[in-house]
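# Inside the fold
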There are 4 protein chains.
Amino acid sequence: MARGGGARGTADRGERILRAALEVMAERGYAAATVRDITDRAGVAAGTFYLYYPAKEAVGLALVDALYRAALAAAASARRGAPSPEEKLMRSMRAVLAVFARDPALSRFVLLLAPGAHPAFDERLREVHEALCTLVRDDVAEILGGRGDGRSADLASQAVVGAVGEVVTSWVRQGAPAGGLDDAAEVLSRLFGRGLGGLVP
Amino acid sequence: MARGGGARGTADRGERILRAALEVMAERGYAAATVRDITDRAGVAAGTFYLYYPAKEAVGLALVDALYRAALAAAASARRGAPSPEEKLMRSMRAVLAVFARDPALSRFVLLLAPGAHPAFDERLREVHEALCTLVRDDVAEILGGRGDGRSADLASQAVVGAVGEVVTSWVRQGAPAGGLDDAAEVLSRLFGRGLGGLVP
Amino acid sequence: MARGGGARGTADRGERILRAALEVMAERGYAAATVRDITDRAGVAAGTFYLYYPAKEAVGLALVDALYRAALAAAASARRGAPSPEEKLMRSMRAVLAVFARDPALSRFVLLLAPGAHPAFDERLREVHEALCTLVRDDVAEILGGRGDGRSADLASQAVVGAVGEVVTSWVRQGAPAGGLDDAAEVLSRLFGRGLGGLVP
Amino acid sequence: MARGGGARGTADRGERILRAALEVMAERGYAAATVRDITDRAGVAAGTFYLYYPAKEAVGLALVDALYRAALAAAASARRGAPSPEEKLMRSMRAVLAVFARDPALSRFVLLLAPGAHPAFDERLREVHEALCTLVRDDVAEILGGRGDGRSADLASQAVVGAVGEVVTSWVRQGAPAGGLDDAAEVLSRLFGRGLGGLVP
DNA sequence: CATGAATGAGGTTTCATTCAT
DNA sequence: AATGAATGAAACCTCATTCAT
């Protein structure tokens, strides 16, 4: 009767449902994934879904959150102790890319399938993009010193975030070939490391 | 009632429906926009919709196409006669940004609301991103000369496309403040112009 | 400018529409045949249909009528001058079968596809079946002399009408093989000729 | 609301829906009977219909099947142990007529309203008519001994099936007067018993 | 007479969600 | 906590019919 033990399949129904939702939604997209599909895949009854999530949209949101929280945490942790802003930026990108690379299905759902699927997702996506931009902006501003204007720093940080996102998106679209994101951090770092220098006179 | 020739509002029902669809979908998103909403806004009967579009999905696709065809055409036209690959890239970005800036609602729908809303949209989006990346990749490869490897060029072109997309997305999310994209091309050009140099030893 | 002349295709639009309706309805059934299908097949505009028929149901009714009027007329004409009631019955069956055999598509529609397709058809079908039964009943009563009761004559005439109908139906279902109804009249005549004798003590 | 066990009206919703469908379809015909009509009559919610039948067409088919399966089973059972082919034929007709007589509304739907209402019905009707003809044909062939040719036996069996069908149809059209089919088997038996003798030389 | 664009009522079906057991 | 039968709102789309040209 030890907690967490018991019959096989009991291993946290909430977790099972979340995983099932990821699988189904990554395959079919959010709208086409029915709650029934998800509970069937999870091996639970339809009503059980609502014991763990208040609505269908909530699982989608949980998936988006899971990925982005991991990405933000990884970035925040990776930059600690970096000697220079350039290094901070590079480590952040590397960390974020690693998080995306770890779970292609989740990345596929979050980057490709979730965006226009539900108003609540858009809101969350906006928040996350803003948070990421803010993170990056600090480094960019530091790199530029006092020399660049705020607008340039804004645009540059959006560029970084967008670039990383598109690289992951392309990788996911190609079916997430193995090892396909390992070199991306390096290239992007050099690209932006050098490029940001171009923004100061 | 076929109100005949010159009456107000006769300006091509197909066009009116497209505009109405853009308005409604940009407000509510694709899924929440009902055909009825669209035809009400357009001032036509429900069935009239299907005289111009075979299905709801078709208007969404038409909107996506409209924006992306314009962007691709503008880019292709802008780069003609540019003296250098750097210049080609810069003019392309400027042209594409101008197209997005011209119609914030359309940009909002295409960049924010359409992805993930329907499988057909995803397919189209993939095609367009590929086309844009190809366009950019030519310039990037030329800038790099024979020195950069193919993978770097791929990643760099994805970075450019993603950066432009994110800049527009951010602008749209802020409510598309007037003149907000005019300076972006300049900054991005300098950023990537200098940055690409960093990819060669 | 002679009447009936003019451009090819003018040959009575009403007739063309009727023929087109027969083709389409015999292929797809009444419900699945749209007015648009019919006018397309007839080579006229959608609205033209309503210049010749007040409603879709009217063409179906016209088709049912066409076949049954021909059958009734043929039967009535065939029995004139027959020397005996047996002969009258036989000639009537032969005549009716010949009418059905002449136009398999029409028979297919009237016997197979029309029955449950529209309430108005049912009413018409009822009338026709009654008329045919009445016709047959006269002969049956005459054959039976005063000996059979009315109920027997009713049932026998229904049997004859039903038998003829089922024979045609089976033939139509088999794809209306050539010459497949020529021998039916002979067999049915012998069957009922002898059989009716069994109804009197 | 899942009212649980013993409440009035719980008698298997599937059964209630089938009965309601029969009532509504026998009144209005298949096309005019809406799923909403049926569920209203059955006292269940609209969506409940689809818990028991995959589509509207399926209830119609279930009704057709119910009647014809009963008829075929009754005929097959009735003929067992009959001393002569004439007797087999007579008992079969009597059994089939009894089945139709038992449920006038169902007979009305199956014989009058279902044919032509949906392609799937036609297919089923064809199968059943074939099965009945085959049944009858065995007896007819036996009665004819080796003397009649195959074509005659085919036609005769079609005649029997058509006759029975038309008798029931007429009865249904007259509003299914009580006891109106009891004597029919007797008359038809004598008619065909004697008549089949006329097919051999 | 002919046209065909426009109409709009209406039906089938899906599916997120509830709740009695 | 878990179940799953039942709910019922809602949306897409079709198509018979009209009528201005």
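Residues numbered from 1 in each chain as written. Chains lettered and ligands numbered in written order. Predicted model: local features only at pLDDT ≥ 70, side-chain atom pairs only at ≥ 80, totals over all residues. Heavy atoms only, no water.

### Notes on the relation of the copies chain D and chain C
Using the following cut-off: Superposition of the copies used a least-squares fit over C-alpha atoms from residues whose pLDDT is at least 70 in both.
Its rotation angle being 180°, the transformation that places chain D on chain C also includes 0.0 Å of axial translation and leaves an RMSD of 0.2 Å. Interpreted geometrically, this transformation is the action of a two-fold axis. If distances are taken from each C-alpha of chain D to the rotation axis, the shortest is found for Gly195(D), at 1.6 Å.

### With respect to the protein's contact with DNA strand E
So the rule is basically this: Any residue with a heavy atom lying within 4 Å of a molecule or strand is counted as near it. Polar contact is the term for a pair of N or O atoms within 3.5 Å; when the atoms are in protein, one must be able to donate a hydrogen and the other to accept it, and sequence-neighboring residues count only if both atoms are side-chain atoms. Strands here mean DSSP runs of E at least two residues long; helices mean DSSP runs of H or I at least four residues long; both are numbered from the N terminus. Side-chain classes follow a simple rule in which Ala, Val, Leu, Ile, Met, Phe, Trp, Tyr, Cys and Pro form the nonpolar group, Asp, Glu, Lys and Arg form the charged group, and the remainder, Gly included, forms the polar group.
Surrounding DNA strand E, one finds 34 residues, the nearest of these being Val35(A), Thr48(B), Tyr52(B), Thr48(C) and Tyr52(C). Of all atoms in DNA strand E that approach within 4 Å of the protein, 70% are sugar or phosphate atoms. Within the side chain of Tyr52(B), one N or O atom sits 2.4 Å away from a phosphate oxygen of DNA strand E. At a separation of 3.1 Å, a phosphate oxygen of DNA strand E approaches a polar backbone atom of Ala45(C). Among the elements of the structure, α3 (49-52) of chain B together with α3 (49-52) of chain C are those that each provide at least two residues to the surface near DNA strand E. Taken together, the residues of the surface near DNA strand E break down into 21 nonpolar, nine polar and four charged.

### What about the protein's contact with DNA strand F?
The local shell around DNA strand F holds 33 residues, among which Arg13(A), Thr48(A), Tyr52(A), Thr48(D) and Tyr52(D) are the closest. When the atoms of DNA strand F within 4 Å of the protein are grouped by moiety, sugar and phosphate amount to 70% of the total. Measuring from a phosphate oxygen of DNA strand F, one finds a backbone N or O atom of Ala45(A) at 3.1 Å. Interatomic distance of 2.9 Å between a backbone N/O atom of Val35(C) and a phosphate oxygen of DNA strand F. Contributions of two or more residues to the surface near DNA strand F are made by α3 (49-52) of chain A together with α3 (49-52) of chain D. Class assignment of the residues belonging to the surface near DNA strand F gives a composition of 20 nonpolar, nine polar and four charged.

### Re the pattern of salt bridges
Two side chains carrying opposite charge are able to pair once their charged atoms lie near each other. Note the following rule: Throughout this description, the term salt bridge denotes a Lys or Arg side-chain nitrogen within 4 Å of a carboxyl oxygen of Asp or Glu. Burial status follows relative accessibility: with a 1.4 Å probe on protein chains alone, a residue under 20% of its type maximum counts as buried, one over 50% as exposed, and anything between as partly exposed.
Enumeration over the complete set of coordinates arrives at 59 salt bridges over all chains. Here Arg41(C) and Glu23(C) are joined by a salt bridge, their closest N and O atoms 3.0 Å apart. Remark: Glu23(C) occurs in helix α1 (residues 13-28) and Arg41(C) occurs in helix α2 (residues 35-42); sequence separation between them is 18 residues. For Glu23(C), a relative accessible area of 38% translates into the label partly exposed. Between Arg91(D) and Glu87(D) there is a salt bridge, with its nearest N and O atoms 2.9 Å apart. Note that Arg91(D) and Glu87(D) are positioned in helix α5 (residues 85-102) at a spacing of four residues, about one turn of the helix.

### Looking at the interface of chain B and chain A
Selection criterion: Residue contacts are defined here by distance: any two heavy atoms, one from each residue, within 4.5 Å place the two residues in contact.
Taken residue by residue, the interface counts 37 residues in chain B and 37 residues in chain A. Along the contact surface separating chain B from chain A lie two salt bridges. Residues Asp183(A) and Arg151(B) are paired through a salt bridge, measuring 2.8 Å at the closest nitrogen-oxygen approach. At the junction of chain B with chain A, the criterion picks out eight residue pairs in polar contact (both at pLDDT 80 or more). Sorting the residues of the side of chain B that touches chain A by element identifies α6 (104-113), α7 (119-144), α8 (150-173) and α9 (184-197) of chain B as the ones contributing at least two each. By residue number, the principal contributor to the side of chain B that touches chain A is α8(B), which donates 13 residues. Tallied by class, the residues present in the side of chain B that touches chain A amount to 18 nonpolar, eleven polar and eight charged.

### Concerning the domain arrangement of chain A
Residues and elements named next belong to chain A. Which entries qualify depends on this criterion: Domain start and stop positions are those given by an automatic or database domain assignment. In short, buried area is how much 1.4 Å probe accessible area vanishes from two parts on joining, totalled over both.
For chain A, the assigned domains read domain 1 (9-53) and domain 2 (61-197). Relative placement of domain 1 and domain 2: their C-alpha centres are 29 Å apart. With nine residues of domain 1 in contact, the opposing surface of domain 2 contributes eleven residues. Across the interface of domain 1 and domain 2, roughly 780 Å² is buried in total on both sides, 82% from carbon and sulfur atoms. Of all residues in domain 1, the largest losses of buried area upon contact with domain 2 belong to Leu22, Ala26 and Tyr30, amounting jointly to 65% of the total for that side. Summed over the shared surface of domain 1 and domain 2, the number is zero salt bridges. Counting across the interface, domain 1 meets domain 2 through one residue pair in polar contact (both at pLDDT 80 or more). The residue makeup of the side of domain 1 that touches domain 2, split by class, is seven nonpolar, one polar and one charged.

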